[in-house]
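Now for the letters of each chain:
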Amino acid sequence: MISYIFKRILYMIPTLVLTSILVFTLIELPPGDYFESYVNELQAAGETVDPKLIEYLRAEYGFDKPIWERYIQWASGMLVGDFGYSFEYELPVSDVIGDRLFFTIIVTFFTIIFTWLIAFPIGIYSATHQYSWGDYGLTFLGLLGLATPNFLLALIMMFLANEWFGTTIGGLVAPEFVGEPFSWAKFVSVLEHLWIPVIVIGTSGTAAMIRRVRANLLDELRKPYVTTARAKGVPEFKGLMKYPFRMSLNFFIADIGGILPTVISGAEIVAIVLSLETTGPILIQALQSQDMYLAGSFLMLLGFLTVIGVLISDIALAILDPRICLQGGVSR
Amino acid sequence: MGVSSKLLEVKDLRVSFDIQKGTIDAVKGVSFSVAPGEVVAIVGKSGSGKSVIAQSILRILPRNANIDGGEILFNDPATDANAINLAGLDAKDQYLYEVRGGRISMVFQEPMTALSPLHTIGNQVEEALILHHTKTAKEARDDTEKILRLVGFPNPARGYEMYPFELSGGLRQRAVIAMALICNPAMVIADEPTTALDVTVQAQILGLMKELQKKFNTAILMITHDLGVVANMADKVVVVYHGEVMEAGNMEDIFRRPQHPYLKALMAAIPHFDMKEGERLVSLRDSDNDKSTATIHKLAAKFKADDLGEITGPHLKVENLRKEFSTNKGSWFGAGEENKIIAVDNVSFEINKGECLGLVGESGSGKTTVSKLIMKALATTSGSVSLNTSNGMTNVLELSGQELMAFRRKVQMIFQDPFSSLNPRMTVQNILSEPYVIHGLNTAKKCQQDILDLIKLVGLNPNCLNRYPHSFSGGQRQRIGIARALALHPELMICDEPVSALDVSVQAQILNLLNDLRKELGLTSLFISHNLAVVNYVADRIAVMCQGKLVEIASREQIFANPHHPYTKSLLSAVPYPDLDRLLDFENIKYTSSMEADDWGSAFKASQQAGLESIRVDEGHFVLANSNSELSEIRA
């Protein structure tokens, strides 16, 4: 087991190196750089720019050096926590992301919990009552949630929340707390605003999740070991949880690898509509304005979280399913 | 009070299944009874409703099944209460949960899927104990290890911690039996408990069940299609056909004086070892039997293989064939340590023209791998396969291009599973014309007459050409598979367990068909099977494989009358005969698996001085033995 985890962690290194090369190539691909689009923007606004200043800035940030040298500088910087400098915000990248990352993680965390709390009971009910009215009804509701555009739902919810509860529109905290240090009152305010994005983002994921829980559980319910458990006199619900449900969890744990990256990139559109202080909008903006270090660091963070997520699900799977660790490595 | 001679009494039980268009009556008024400590066998072919009866008793029927009528009276000897009608209880009645696993438990057919792959053996075995008796974890574990020892786990403490996939099929089934017995139930329902096991393991498991049944005085309700198993296990027999009891009675009556025509036909359809030369199996529907023989005779000339002329020597010669599979132990950077599994180890044999060689062995013995190597479907590690052609012996393994294509015509295969070996998206017409098209012999249109003759040859009606495989029964599909194999006029036919997926009655028809075809067409064939009785019925000579090695090869008569190798002997002694005068000798069946060669005599084991060698003990009779051993040692 230990050696399995160790091996999996070592495998991460080449993966991350490849990812960084890919990300760097990608952000270098569009013609021009940030300064070029900056100059264009200023000229479009009718202002004049001193070309010498631009030249100086280019040299300052190493834009005159060959591409591989800049890659090494960027990649080695990341190793010590220096993600580069955001031209747009005129701040180090870590400062730009830092604040927002916290809110993003809160929103996503509650969204995932919300999805699970809704999807698992409904999925289990649907599978055990296959083709019943309850199954059809709940599936219909779930699909409705999937089909409704998120931004529309966001607007409606925002309106309703303001009408009924007087919650301020947009953002994750009431305006008076923006920039304030953390306090109990601010925390309550965050909770008041949190439920709208959680429901809006959650509904879309829930329907897909219900279908997957249902399908996986149905497959398992037909297996002979379920009959074995019944023949032993195991009470229905206990048997359901201990055998088929646990088997059907495999897919879901394998899914964790996919969930982590959405922690920082998920639901950008909703975030913009609700003007949430999360990372999604920043990523979109950074990509638009060729703010390359900000965008690159973002993409790198996504890659890193994917790799970590896959690692976590692999380890969890190995713990949950003894066949994975003990049987691996057989080839023909 | 409730003292009765009957532990379980089923009266006029009726069960139906809801399907899309109405209902199907699966059990139509079945009655029988089981006395305490008695072994009752319910016999019937698949689809006869025998498993449904078993599931009704525990009320674990699928959700679309309904008990429409009748009573299932369970008279628990542990209580003084009157018999309780299990069929009349509410599905959520607490008493049902007490009975399941506590008073009546179940042993299932497929030990791999009947156990959860995610839980340890110990966890699953002790579950019933914890549910039905309040025990501490320590007590439960002690009891579990005790019962695991009883069912033959060599190391119960370790077995408790193991997962099902780490165990062999035999040990898994022992764990399932331990699970059924741990609460000391009044009755065990065994649903085809040995069908998925090899014949030697089957004999061990049957012996174990018999022993434990006597020890605990547990009643057993045994569900099976195998009359051989019944003869060795049961006190009473109930024969079920289409959900109705055809005949019921004690062993003597059933086996010596069968009354019902269905039972008589069933008995005649089973191949057995005392069959005379040329004796035919009687299939359940005998009417079309003679007709089919006549048809085959009439059409035979057309499908005969191209005449080889007078050939000298064997038709197929396999020499020192070896196949290794390697498993990587998945080390870092590169290959790491490599584990080699030798699937086929130095196998040599010959088949003469027109002869049928039977290849027998347990699962994993490498017999199917041998057939794939001959077909050139797998790459051979070393050795040679030669086929006698007009140019003398040709090494098949060196063929390529046009020559390989020509070879493919000469060798055809009939597969085990008639359900997955036919493409469900092709009509029978397409399936049968495909060989002609692939080999560019004929266009699909021009070969129409050939296809019509082919389908008649295998005893099917020409109007089935436009149908898809799913609309045929297992036996009919196997006939289509045979027709496809014959389309190219092959010289050599490899049959890989062609009847093991079929019911006994259908098996008889297919075996008769294969035998007729072989004789009329002059086919040379290699017949692979784990069933010795089937091989005995079709083969001229028999080769026995064990762990990739060919341990004995001799004529049919020699193998059965005078086996030399200990593995052949154990294989022969483990076959259950449907004959009350030839019961299995459970006392002498070894508890270790026969795959382990430890208890073989020294003459059959390789030593430091000498390896193993095929030694001639008689005319055409060879045994794999230590090359230093004396003939007298081998014959002993």
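The model shown is predicted, which means the values in this text are computed figures rather than measured ones.

Caption draft 1: Highlighting the sheet that holds strand S4 (residues 65-74) of chain B. All names here are of chain B. If you walk across this open sheet you meet the four strands as S2-S1-S4-S5, and the pairing is antiparallel. In the strand order of this sheet, the two ends are held by strand S2 (22-34) and strand S5 (84-85), each with one partner. Strand direction decides the pairing type here: S4 and S5, joined by two bridges, are antiparallel. Following the sheet pairing, Phe74 is matched in S5 by Ile84.

Caption draft 2: Spatial organisation of the nonpolar core. Residue and element names in this part refer to chain B. Counting 134 residues, the largest nonpolar core has Ile177, Phe255, Ile482, Leu486 and Phe527 as its most contacted members. Aside from chain neighbours lying at most four places away, what touches Ile177 is Val107, Val151, Ile205, Leu208, Met209 and Leu212. Core analysis: the next-biggest nonpolar cluster, separate from the first, contains 42 residues, Val10, Leu61, Met106 and Leu221 among them.

Caption draft 3: Molecular detail of the pairing of strand S10 (residues 244-250) of chain B. All names here are of chain B. Direction of pairing for strand S9 (residues 236-241) relative to S10: antiparallel, over a ladder of six bridges. In the sheet register, Lys236 faces S10, and the bridge partner there is Asn250. Taking the residues that link successive antiparallel strands as the turn, the S9-S10 hairpin has two residues, and the phi of His242 there is positive, at about 50 degrees.

Caption draft 4: Up close: the side chain of Lys232 of chain A. By secondary structure assignment, the location of Lys232 of chain A is in the loop between helix H9 (224-231) and helix H10 (236-254). A polar atom in the side chain of Lys232 of chain A sits 2.7 Å from the backbone oxygen of Gln124 of chain B. What Lys232 of chain A contacts, discounting residues up to four positions off in sequence, is Tyr243 of chain A together with Arg100, Gly101, Gln124, Glu127, Ala128, Leu131, His132 and Met179 of chain B.

Caption draft 5: Region of the structure containing the sheet that holds strand S19 (residues 541-546) of chain B. Residue and element names in this part refer to chain B. Reading across from one edge, S16-S17-S18-S13-S19-S20-S22-S21 is the order of the eight strands in this open sheet, with mixed pairing throughout. The open sheet terminates on both sides in strands that have one partner only, identified here as strand S16 (411-414) and strand S21 (612-618). Mean inter-strand twist for the sheet, computed between neighbouring axes without regard to direction, equals 25 degrees. For strand S20 (residues 549-555) and strand S22 (residues 621-626), the ladder comprises two bridges, and the chain directions are antiparallel. Looking at S22, one finds that Glu552 is bridged to Val623. Against the sheet, helix H14 (residues 401-410) makes contact with S16 and strand S17 (492-496), and its axis sits at roughly 50 degrees relative to S16, the strand it touches most.

Caption draft 6: Expanded view of the packing of aromatic side chains. Under the defined criterion, the tally for this structure stands at 10 aromatic pairs over all chains. Considering the side-chain rings of Phe109 of chain A and Phe110 of chain A, the 5.7 Å spacing of their centres and the 80 degrees angle between planes classify their relative orientation as edge-to-face. Judged by centre distance (4.2 Å) and plane angle (35 degrees), the ring pair of Tyr241 of chain B and Tyr262 of chain B falls under tilted. Of this pair, Tyr241 of chain B sits in strand S9 while Tyr262 of chain B is found in helix H11 (residues 261-269), placing the two residues 21 residues apart along the sequence. Tyr241 of chain B sits in the partly exposed class, given a relative accessible area of 26%. The side chain of Arg100 of chain B reaches across the aromatic face of Tyr97 of chain B, ending 5.1 Å from its centre. Looking at Arg467 of chain B, its charged tip hangs above the ring of Phe472 of chain B, at a distance of 4.4 Å from the centre.

Caption draft 7: Seen up close, the side chain of Asn536 of chain B. Residue and element names in this part refer to chain B. Of note, Asn536 is situated in helix H19 (residues 532-538). Among the polar contacts listed, one links the side chain of Asn536 to the side chain of Arg556, at a separation of 3.1 Å. Not counting residues within four places of it along the chain, the set of residues in contact with Asn536 comprises His272, Phe273, Arg556 and Phe560.

Caption draft 8: Spotlight on a nonpolar patch on the surface. All names here are of chain A. A cluster of nonpolar side chains, namely Phe102, Ile105, Phe109, Phe110, Ile113, Leu117, Ile118, Phe182, Trp184, Phe187, Val188 and Leu191, defines an oily patch on the protein surface of about 1100 Å² accessible area. Where the nonpolar patch is concerned, the elements lending two or more residues are helix H5 (93-128) and helix H8 (184-221). It is H5 that provides the largest number of residues to the nonpolar patch, a total of seven residues. Turning to its location among the elements, Trp184 is positioned in helix H8. On the accessibility criterion, Trp184 (66% relative accessible area) is exposed.

Conventions and cut-offs
Residues numbered from 1 in each chain as written. Chains lettered and ligands numbered in written order. Predicted model: local features only at pLDDT ≥ 70, side-chain atom pairs only at ≥ 80, totals over all residues. Heavy atoms only, no water. Pairing = 2+ DSSP bridges. Helix = DSSP H or I, 4+ residues; strand = E, 2+ residues; numbered from the N terminus. Core = buried A, V, L, I, M, F, W, Y, C linked by side-chain atoms within 4.5 Å. Buried < 20%, exposed > 50% of the residue type's maximum accessible area, 1.4 Å probe, protein only. Contact = heavy atoms within 4.5 Å. Polar contact = N/O pair within 3.5 Å; in protein donor to acceptor, adjacent residues only side chain to side chain. Axes fitted to C-alpha atoms, helices over the stretch in contact; angles between N-to-C directions. Phe/Tyr/Trp six-rings, centres within 6.5 Å; stacked < 30°, edge-to-face > 60°. Lys NZ or Arg CZ within 6 Å of the ring centre and 35° of its normal. Patch = residues over 30% accessible without salt bridge, like charges linked within 9 Å, V, L, I, M, F, W, Y side chains within 5 Å. Areas by Shrake-Rupley, 256 points an atom, 1.4 Å probe, with all protein chains shown as cover. Salt bridge = Lys/Arg side-chain N within 4 Å of Asp/Glu carboxyl O.

No statement about biological role is implied by the geometric values presented.
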